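Results of the structural survey
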Amino acid sequence: MFTASMSQNKRSTGLLIATIFMLLGSLSLSMACSADEAAAPAAAPAAAPAVASVAAPAQPAPTVALEEKADKQIAFPVFASTSIVGDWVKNVGGERVIVEHLAPAGKDPHTYQPTPKEVAKLSESKLVFSIGLTLEGKNISSLLENSLSPDATHIPLGPLVNPIEYKDHDEHDEHDEHDEQDKDKDHDEHDEHDKDKDHDEHDEHDELDEHEGHDHGTHDPHFWLDPSRASLAIDEITTQLSVIDPDSADFYQENATAYKSQLSDLDKQMSSVFEQIPEKDRKLVTSHEALGYLAHEYDFEIVGTVIPSMSTESGPTAIAIAKLVDDLKTEGVKGIFMESGVEEKITEQIAQDANVQVITGLQVEYVLEGETYLQMMTKLSELIVEGLK
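To keep things clear, this report deals only with the structure shown in the data block. Remember, it's a predicted structure, so these values are computed and weren't measured experimentally. (Residues numbered from 1 in each chain as written. Predicted model: local features only at pLDDT ≥ 70, side-chain atom pairs only at ≥ 80, totals over all residues. Heavy atoms only, no water.)

Along its length, the protein chain carries 13 helices and eight strands. A burial count over the protein chain gives 42% of its 389 residues as buried. Taking contacts inside the protein chain between residues at least 6 apart in sequence as the whole, the part at least 24 apart equals 70%. Only carbon and sulfur atoms are counted for the fraction: they give 54% of the accessible area of the protein chain, which is about 21,100 Å². (Helix = DSSP H or I, 4+ residues; strand = E, 2+ residues; numbered from the N terminus. Buried < 20%, exposed > 50% of the residue type's maximum accessible area, 1.4 Å probe, protein only. Contact = heavy atoms within 4.5 Å. Areas by Shrake-Rupley, 256 points an atom, 1.4 Å probe, with all protein chains shown as cover.)

With respect to the secondary-structure elements, Leu284 resides in strand S5 (residues 283–288). Residue Leu284 is classed as buried on the basis of its relative accessible area, which comes to 0%. Every residue in contact with Leu284, bar those within four places of it in the chain, is listed here: Leu291, Leu294, Phe300, Glu301, Ile302, Val303, Gly304, Phe337, Ile384 and Leu388.

Running from amino to carboxyl end, helix H3 (residues 83–93) crosses helix H9 (residues 249–274) at an angle of 120°, the nearest separation of the two axes being 7 Å. As summarised for this structure, H3 and H9 are arranged oblique, according to the angle between their axes. Where H3 approaches H9, its residues Asp87, Trp88, Asn91, Val92 and Gly93 are matched on the opposing element by Phe251, Tyr252, Asn255, Ala256 and Tyr259. In terms of residue class, the contact of H3 with H9 is built from six nonpolar, three polar and one charged. (Axes fitted to C-alpha atoms, helices over the stretch in contact; angles between N-to-C directions. Parallel < 35°, antiparallel > 145°, perpendicular 65-115°, else oblique. Nonpolar A, V, L, I, M, F, W, Y, C, P; charged D, E, K, R; others polar.)

Look at helix H8 (residues 227–244): 26 Å from first C-alpha to last across 18 residues, which is about the 26 Å you get at 1.5 Å a residue. Every buried residue belonging to H8 is among Pro227, Arg229, Ala230, Ser231, Ala233, Ile234, Glu236, Ile237, Thr238, Gln240, Leu241 and Ser242, and all of these are buried. (Expected span 1.5 Å × (residues − 1).)

As structure tokens, then:
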């Protein structure tokens with residue numbers, strides 16, 4: 001019996017030990033789980049590189065954008081001799097051209113002296129547009145002749161728009177007839193060289209030495225005063241831009257078509273505005289010979305000019321001034337349209353002698369900074385109406 005009791009005690013002890021080991025195992029497992037949960041936040045920082053490594057492939061996105069930009073047309077420089085031509089080029093070329101000027105906004109291309117920086121840029125340009133027909137003064141014309149790159153394309157627009165012939169008024173007509181007679185006589189007595197020499201001496205005799213040998217040509221260069229001729233210039237600009245950049249030809253043509261529509265509207269607007277001026281008052285006197293196309297297209301009469309020349313490089317003569325005073329009195333002209341900075345004192349004296357008003361604000365050779373050709377022409381037509389109606 002004692003033996004049986006001993007055996008029973010041994011089994012109880014074994015069970016107790018087993019139970020203790022099971023409890024210890026459960027406790028160890030529980031502690032391990034708790035340790036894993038506690039370790040989880042510490043592992044979080046290690047997750048940061050994983051996030052960064054996932055985001056890393058997104059970095060090439062800017063490269064793709066740059067490649068798309070590279071596939072697009074890179075803007076190329078185009079030079080314009082005047083701010084008006086520059087505005088036309090900008091309207092056709094849009095963001096695909098970088099427009100540079102030899103005579104920038106607010107500067108008269110007859111007299112402006114380009115800066116060394118502008119000259120340096122000109123030598124690098126492959127496409128250059130000018131007015132031509134001797135519009136550009138000697139400072140600019142000499143650069144167009146001598147400073148262009150050998151592979152540059154220079155397009156004078158004036159000869160391509162059906163320009164009108166320049167006709168001197170009265171005294172100058174008589175001078176031309178006299179000059180023709182002299183040339184006929186010279187043809188019989190001298191060679192071609194002598195004829196040129198005699199012609200120069202004849203000009204000096206007629207007090208035209210102020211022109212300093214500037215060749216005014218046989219055609220009026222101020223064709224932009226007629227929007228329909230400006231439209232012809234737009235056609236040529238479109239063609240030349242398309243030659244340089246054929247991939248953008250459709251883009252240039254679309255811009256040109258839209259802009260020519262605006263030019264047509266401008267033409268109609270000017271015609272309508274000028275109808276406010278009585279026919280008897282449609283007489284113009286200006287600082288220099290610049291409104292010939294406007295007069296031709298909209299039925300005005302050019303009575304005279306302070307400077308009897310198409311260029312402000314020239315100057316008035318005593319004979320021309322005296323005749324202009326007489327014409328102002330006899331023709332019943334309402335006033336003189338004066339350009340800023342062009343013989344202002346002489347203009348004011350002529351107006352005083354003829355008892356007419358000076359109408360300031362005439363601007364025909366350039367656009368102002370921030371101004372467009374369309375705005376300049378609208379402002380010009382309004383000025384004329386206000387001065388003459």
